[in-house]
Amino acid sequence: MTTSRRTLLAATATTAGTLAAGLSAAPAAHAAPGRRPAREFFGRLADGTRVDRWTLANGGTRMAVLSYGGIVQSLELPDLRGRYANVSLGFDNLEDYVALSPYFGALIGRYGNRIAGGTFTLDGTAYQLPLNNGPNSLHGGTQGFDKRVWDVEPFVSGPDVGLTLRYVSGDGEMGYPGALSVRVDYTLTGGGDWRIDYRATTTRPTVVNLTSHVYFNLAGEGSGDVYDHELRIAAARYTPVDATLIPTGELAPVAGTPFDFRRSKPIGADIRVSHPQVLFGQGIDHNFVLDKGITRTPDNIVTVHEPRSGRTMRIATTEPGLQFYSGNFLDGSFAGTSGRVYRQGDGFCLETQHYPDSPNHPSFPTTVLRPGETYRSTTVHSFA
Ligand code: BGC
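Now for a quick tour of the structure. Everything numeric in this text was worked out from a predicted model, so none of it was measured. (Residues numbered from 1 in each chain as written. Predicted model: local features only at pLDDT ≥ 70, side-chain atom pairs only at ≥ 80, totals over all residues. Heavy atoms only, no water.)

On to the overall build of the chain, then. Looking only at helices and strands, one finds three helices and 27 strands in the chain. Its C-alpha atoms give the chain a radius of gyration of 20 Å, within 12% of the compact-globule value 21 Å for 384 residues. Each of the three principal axes of the chain carries a C-alpha extent, and together these read 60 × 45 × 40 Å. Here the chain holds 384 residues, and 59% of them are scored as buried. Pairs at least 24 residues apart make up 66% of the contacts formed inside the chain by residues separated by at least 6 positions. Carbon together with sulfur atoms contributes 50% to the accessible area of the chain, which is approximately 14,200 Å² in total. When the 35 basic and 36 acidic side-chain charges of the chain are each reduced to a single mean position, those positions are 5 Å apart. (Helix = DSSP H or I, 4+ residues; strand = E, 2+ residues; numbered from the N terminus. Rg over C-alpha atoms; globule rule 2.2 N^0.38 Å. Buried < 20%, exposed > 50% of the residue type's maximum accessible area, 1.4 Å probe, protein only. Contact = heavy atoms within 4.5 Å. Areas by Shrake-Rupley, 256 points an atom, 1.4 Å probe, with all protein chains shown as cover. Lys, Arg positive; Asp, Glu negative; His and termini not counted. Charge placed at Lys NZ, Arg CZ, Asp CG, Glu CD.)

Here is the structure:
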């Protein structure tokens, strides 16, 4: 969508008072385009800590973000006719995020994805992390960055608006060495793109792999499965896994497998093919080796299009990998933001990242961060 059309849509929606398609139980993002993000009370954790909900809007895109986990609680986009829907799975209350959430919308760290046996050796010292996914450590352990309260500051910079989220993870937290100072900027650009800039520094050598765990459904959360979404991923190889979803170390060709998304195809097209890797993931839950590799600036890697609404999302990143997770473990055991039950395949994640279990695979691009270095990663979502 052109900037002018998105700006027009944003202005129309604001003046007409048609904010949100009514799919979100909580009030929609009220910030006018280009205006400073607004803060409201969202809830309190069991220990009394206040959690805020920040709302921001720009270029026709609206977003609500929680200080808890840096969670994108809603992401509202217009369809072809200008009707808004919340395209991210989540909840309308803090209690459900704490008790039920499979990382809906959250910032993931210190290490996104799995580390085999929850253990790795760095500079000759072995470290043990909490196991929270069978025999492995997933998404930073039992109390990862998704369960921390972040310090949030709003900003307006030229045509951009956004939030700066900061968190300091202590030396030894969740078993990881080094105090890690993390800064994540969520920016909504004047053209309505959502840009994420991750930065981190450490006091001791450590491993870092930060990502975002939004579950998308471009037809609107709670509207059913995502199998009709047409997905293209610029990756000729992927990392096959064992039965516990740990990479074998091989970079296998996608050609002739259900993992071939080099030409756009519906997410559901091959999800029932009886391929051993599909059985391990109960669908697709794999890291794609992006053809472009690591880049200094974000390169396009993904296009996903939902035919009924006409919404399209493109993703560009500096990262070398992408976990495509087709929402396989959503099992109908709870309802989301709009009160509709989430079942298998009702949302998908596209997590830009380094490869899973990199600390145990010297042949994979390194995830080691040393004092004096700055971890940098950028991912841009654009919408049309
Ligand atoms: C993983 C899935 C996991 C999910 C948790 C994804 O990033 O790849 O295996 O079940 O996170 O919600």
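Now, onward.
According to the stated counting rule, one finds 23 aromatic pairs in the structure shown. Taken together, a centroid distance of 5.9 Å and an interplanar angle of 35° make the contact between Phe216 and Phe348 tilted. Note that Phe216 is positioned in the loop between strand 16 (211–213) and strand 17 (230–233) and Phe348 in the loop between strand 24 (321–325) and strand 25 (349–353), a separation of 132 residues in sequence. An identical accessibility class is assigned to Phe216 and Phe348; each is buried. When the ring of Phe288 is compared with that of Phe324, the centres are 6.4 Å apart and the planes differ by 50°; the resulting orientation is tilted. One end of the pair, Phe288, is in strand 21 (residues 285–289); the other, Phe324, is in strand 24, and 36 residues separate them in sequence. Look at Phe324 and you get buried, because its relative accessible area is 0%. Here the basic side chain of Arg62 rests over the ring of Tyr84, its NZ or CZ set 3.4 Å away from the ring centre. If you follow Lys265 out to its NZ or CZ, it ends over the ring of Phe261, 4.4 Å from the centre. (Phe/Tyr/Trp six-rings, centres within 6.5 Å; stacked < 30°, edge-to-face > 60°. Lys NZ or Arg CZ within 6 Å of the ring centre and 35° of its normal.)

Okay, the pattern of salt bridges next. Scanning the entire structure with this criterion turns up 15 salt bridges. A salt bridge links Arg148 to Glu173; the shortest N-O distance between them is 3.7 Å. A residue pair is termed long-range when its members are at least 10 positions apart, and Arg148 in the loop between strand 10 (137–138) and strand 11 (151–157) and Glu173 in the loop between strand 12 (160–169) and strand 13 (180–188) qualify at 25 residues. We classify Glu173 as buried; its relative accessible area is 17%. With a closest N to O distance of 3.0 Å, Asp197 and Arg195 form a salt bridge. Salt bridges sharing partners connect three or more residues here, namely Arg39, Arg50 and Asp52. (Salt bridge = Lys/Arg side-chain N within 4 Å of Asp/Glu carboxyl O.)

Bringing the sheet that holds strand 1 (residues 38–44) into the picture now. Within the open sheet, the five strands sit side by side as 1-2-3-4-5. Their pairing is antiparallel. Of all strands in the sheet, those with a lone pairing partner are strand 1 and strand 5 (84–86), marking the two edges. On average, each strand axis in the sheet is tilted by 20° relative to the strand beside it, whichever way the strands run. The sheet contact formed by strand 1 and strand 2 (residues 50–58) spans six bridges and is antiparallel. (Pairing = 2+ DSSP bridges. Axes fitted to C-alpha atoms, helices over the stretch in contact; angles between N-to-C directions.)

Before going further, it helps to examine the pairing of strand 11. Every other side chain in a regular strand lies on the same face of the sheet, so the side chains alternate between the two faces. In the sheet, strand 11 pairs with strand 12 via seven bridges, with the strands oriented antiparallel. Opposite Ser157, over in strand 12, you have Asp160 as the bridge partner. Where strand 11 folds back on strand 12, the antiparallel hairpin that results is connected by two residues, among which Gly158 adopts a positive phi of roughly 55°.

In the region of the ligand, the neighbouring residues are Pro102, Tyr103, Arg114, His139, His213, Tyr215, Leu245, Asp285, Gln323, Tyr325, Phe329 and Glu351. In the environment of the ligand, an oxygen atom lies 2.9 Å from a nitrogen or oxygen atom belonging to the side chain of His139. Contact distances for the ligand include 2.9 Å between an oxygen atom and a side-chain N or O atom of His213. A total of 310 Å² of accessible area belongs to the ligand in isolation, and the protein chains cover 94% of it. Within the shell around the ligand, the residues separate by chemical class into six nonpolar, three polar and three charged. (Near = heavy atom within 4 Å. Polar contact = N/O pair within 3.5 Å; in protein donor to acceptor, adjacent residues only side chain to side chain. Nonpolar A, V, L, I, M, F, W, Y, C, P; charged D, E, K, R; others polar.)

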